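As a plain string of letters, each chain reads:
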Amino acid sequence: MDVTLRIRRYNPEADEAPHWEQYAVSAEPTDRVLDLLHQVKWYQDGTLTFRRSCAHGVCGSDSMLINGRNRLACEYLVRDAGTNITVEAMRGMPIVKDLLVDMDAFWDKYRRVMPFLVNDELPEDGRERRQSPADRDRYEDTSRCILCAACTTSCPVFWTDEEYVGPAAIVNAHRFISDTRDEAKEERLQIMADADGVWRCRTVFNCVEACPRGINITRAILEVTQEIGKASIS
Amino acid sequence: MTLLAPTPRGSIPPSRVVELDAVVVGAGGAGLYAALELKQALGPEARIGVISKLHPTRSHTGAAQGGVCAALGNTEEDHWEWHWFDTVKGGDYLVDQDAAEVMCHDAVDTIINLEHLGLPFDRTDDGLINQRRFGGHTRNYGEGPVRRSCFAADRTGHAILQTLYQQCIRREVVFFDEYQVLDLAMPDGPTGRVSGVIALRIATSELFSFRAKAVLFATGGYGKVFKVTSNAHTLTGDGMAIPYRRGLPLEDMEFFQFHPTGMYKLGFLLSEAMRGEGGILLNDAGERFMERYAPTMKDLASRDVVSRSIYLEIAEGRGIGGKDYVHLDVRHLGAEVLNTKLPDMSGFIRTYFGLEPLTDLVPIQPTAHYAMGGIPTDIDGRVLADERNTVVPGLYAAGEVACVSVHGANRLGTNSLLDILVFGRRAGLKMAEELAAAPAPAVDIEAEEAVQASVGALLRTTEGERPAVIRTELQEVMFAKCGVYRTESLLVECRDEVASLRERARNLLVDDHGCRYNTDLGDALELGFLLDCAEATVASALARTETRGGHAREDHPERDDVNWLKHTLASRDPATGEVSMAYKPVTITKFEPRARTY
């Protein structure tokens, strides 16, 4: 089938402002939007710029705004996207070129929540630490995050306040706060209780809709606030 | 132009020359584990840098699904010696047994260490790391399947990648995200000391010279040389092609694994864990055909055996509707197993095929998955320059880019993750040990100027062929003529076609002449790497006149231990461009080669 792809292009080296370009591509209903972007880049205009790697929704490189919603280009098929498809960069981060955004601030926020297990005491028998399946399940959902930024860049609070850590960072804080093996819970809760932390969330649920992994982000945020309450952190 | 915020993450400011103690190229499991061990061994002051052409969490380790094997014995009796035997047999006896012994023995300690680092393994009711079955892994030297694979649902690689990246952040490893490595600094030639790498900062197209006393290549594989592959777009063999261009050899390149259950036409994987949990393969008649080919292990025979069986079914007209695929049947596994143990796989089937795994059969075909071959190394990651095992000082390799050789002619499922972990870790420790005595890094001005010139030339092109056109032809010819089944005449054609594509690639068209995130330039550079890997692969496949593991020659259908119980080393003379083969013996310490049945 013939598909019209409208892409919001912007190369600050050459363009004064972002503008829309239209491309005609031929596609199968089972093609991914990423396949169409490749068609343009590989055979029509090599300057089109975007990130991608695994092409099947596990590496988190290619989240972008497609038909008005944040999605992974490699997970959205033409049969669902239709024959008129619009693609633009995620919102709330500086556009570096076309569909590629500057993610430095995103990674800095990820780092801010201490996204690593802290526990240097090892079991005496030299074996694994024990953890019950039920305790393991508490962070199952949030350990699935692929850091694609689809949630954070769909959050209206983040759009208006760039200091807000944003849903992705909270998801990754939750993953460790909920892990019975971790010993830095208080420190992490303190970071979450900061002015730019978890209280900024207005439960708009955009993040939940945007997450390609189907993580229940708003619930994770709520659980972090409950933990802050339990720990009596102000 | 305004530069972006400084890209090098950590304490080192951006500069055209970066001085480090050690530099790791590639931020998958092998590179990250090495960096972590380096930092832990040398202390917080050590300047350990990781260069990646991606953001580290995009690395393809994250796509690994089913698990990583270690004989923990958590759910039934198991011994690392059994794992060792399975690895040797799975590799069709081309495995260096001393290396495989190290891997299977170290596996237990390594998995425990990963748990200590925070990896979210699935647990048994007792709280231990849970384990499940996987292809080719047996109890008591082949008696039947054993539960050996440790897993985090069906995204074990994702869990490994995240955990190691997180711990590297904790230990303040310095990351250089989105830098494309283009050459080694080796001012004294291919056996002289390596003293750094030259890389392109993708954000700005600036060339950086990273100077270090030790360099680890952990850049992964080159599956993108084939038309149907499970590999990411970024797996273009960069780390193999660079030393090959310098005249260093690549080992056992003819052995490429085709994974049986690629999603039809798309190529990416449905984990072997689907069969580990009880899924079976069916032909057009609805017959469970693996019972004929592998009566004991059936659908869980090793991957080369299953992939070839699927090809034979298709060749004999028993593909679905006579086409080039068969069915994977997981309907009987039930909603509980599909949703909790295989949730991502079930999601793939729904998203990309619009099928429901509980009620529908899933179309699958073998897909190019894994390079058993690569840069020859010893068990500590040190790169070897020739068949006499001469060490290249300062250069290390680990993971899929390397050939230790623990996989021999065919890698067992889960052993890729184990390889990156055990040998990434060992390489890091060896680098830490050898750094103290290493001299200050020498500068390779010649290499820096050559890279500058070649990148500059590409940026100035105004006519030529698009990289994608040549790449697509390369992928098609490699899949058709150097794929699951090979013959001399097909390989000769393939060799000549690859040579002509290499010639055509001297005139590439790069549309994008800008400096900012020039991924068009990146495509052109990556095509060059792919072509070099293809050349070495075809030369090695042509040389080996036998069938063994992942290398099936229709014109030489039997394994030939008399003549071919040896490794191939393909190298190209940088001066003449001639490709030549050398050989070195397989190390056999315990398991004498036997006929291989499953």
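Not measured: the values here are computed from a predicted model. (Residues numbered from 1 in each chain as written. Chains lettered and ligands numbered in written order. Predicted model: local features only at pLDDT ≥ 70, side-chain atom pairs only at ≥ 80, totals over all residues.)

Visitor: Teacher, can you tell me more about the interface of chain B and chain A here?
Guide: Frequently, the measure chosen for interface size is the accessible area removed from exposure when the parts meet. Opposite the 43 residues of chain B that make contact, chain A presents 41 residues. Those elements that place two or more of their residues in the side of chain B that touches chain A are α3 (97–117), α4 (156–170), α10 (343–353) and α15 (519–543) of chain B. The element best represented in the side of chain B that touches chain A is α4(B), accounting for 6 residues. Per-class residue counts for the side of chain B that touches chain A are 18 nonpolar, 14 polar and 11 charged. (Contact = placed C-beta atoms within 7 Å. Helix = DSSP H or I, 4+ residues; strand = E, 2+ residues; numbered from the N terminus. Nonpolar A, V, L, I, M, F, W, Y, C, P; charged D, E, K, R; others polar.)

Visitor: Where do I start with the domain arrangement of chain A in this structure?
Guide: Residues and elements named next belong to chain A. Along its sequence, chain A is carved into domain 1 (2–101) and domain 2 (104–230). Centre-to-centre, using C-alpha coordinates, domain 1 lies 29 Å away from domain 2. Across the boundary between the two partners, domain 1 contributes 14 residues, which contact 12 residues of domain 2. Top element by residues in the side of domain 1 that touches domain 2 is strand β4 (residues 69–72). It accounts for 4 residues. Among the residues making up the side of domain 1 that touches domain 2, the classes are represented as 5 nonpolar, 5 polar and 4 charged. (Domains from an automatic or database assignment.)

Visitor: It is not clear to me how the pairing of strand β9 (residues 179–184) of chain B should be interpreted in this structure. Could you clarify?
Guide: Strand residues, when the strand is regular, have side chains that alternate between the two faces of the sheet. Residues and elements named next belong to chain B. Burial analysis of β9 places 6 of its 6 residues in the buried class, the great majority of the element. Direction of pairing for β9 relative to strand β10 (residues 196–201): antiparallel, over a ladder of 5 bridges. Within β10, the position partnered with Asp183 by the bridge is Ile198. (Buried ≥ 20, exposed ≤ 12 C-beta atoms within 10 Å, placed from the backbone. Pairing = 2+ DSSP bridges.)

Visitor: What is the right way to read the domain arrangement of chain B from this model?
Guide: Under the domain assignment, chain B is made up of domain 1 (16–63 + 158–256 + 370–435), domain 2 (68–155), domain 3 (259–367) and domain 4 (445–556). Distance between the C-alpha centres of domain 2 of chain B and domain 4 of chain B: 36 Å.

Visitor: Looking at this structure, how should I read the packing of helix α2 (residues 80–90) of chain B against α3(B)?
Guide: Two packed helices can be described by the angle between their axes and the distance between those axes. Residues and elements named next belong to chain B. Contact pair α2 / α3: the axes reach a minimum separation of 9 Å and the direction vectors enclose 140°. Looking at the two axes, α2 sits oblique to α3. Here α2 and α3 pass one another in a crossing that is right-handed. Contacts from Trp80, His83, Trp84, Thr87 and Val88 of α2 reach α3 at Gln97, Ala100, Glu101, Cys104, His105, Ala107 and Val108. Per-class residue counts for the contact of α2 with α3 are 7 nonpolar, 4 polar and 1 charged. (Axes fitted to C-alpha atoms, helices over the stretch in contact; angles between N-to-C directions. Parallel < 35°, antiparallel > 145°, perpendicular 65-115°, else oblique. Left-handed = near helix turned anticlockwise from the far one by under 90°.)

Visitor: Which parts of the structure should I look at to understand α15(B)?
Guide: Structurally, the α-helix is built with 3.6 residues per turn, so residues lying three or four positions apart point the same way. In this model α15(B) runs 36 Å from its N-terminal to its C-terminal C-alpha over 25 residues, within 8% of the 36 Å that 1.5 Å per residue would give. The element α15(B) is largely enclosed, with a buried count of 24 among its 25 residues. (Expected span 1.5 Å × (residues − 1).)

Visitor: In this structure, what is going on with the sheet that holds strand β25 (residues 579–585) of chain B? I would like to understand it.
Guide: The strands making up a sheet are joined through hydrogen bonds of the backbone, oriented either antiparallel or parallel. Residue and element names in this part refer to chain B. Read from one edge of the open sheet, 3 strands run β13-β24-β25, paired in antiparallel fashion. Both edges of this open sheet fall to β13 (250–251) and β25, since each of them pairs with a single strand only. Where strand β24 (residues 566–572) lies against β25, 7 bridges are found, and the strand directions are antiparallel. If you follow Lys566 over to β25, its bridge partner there is Pro585.

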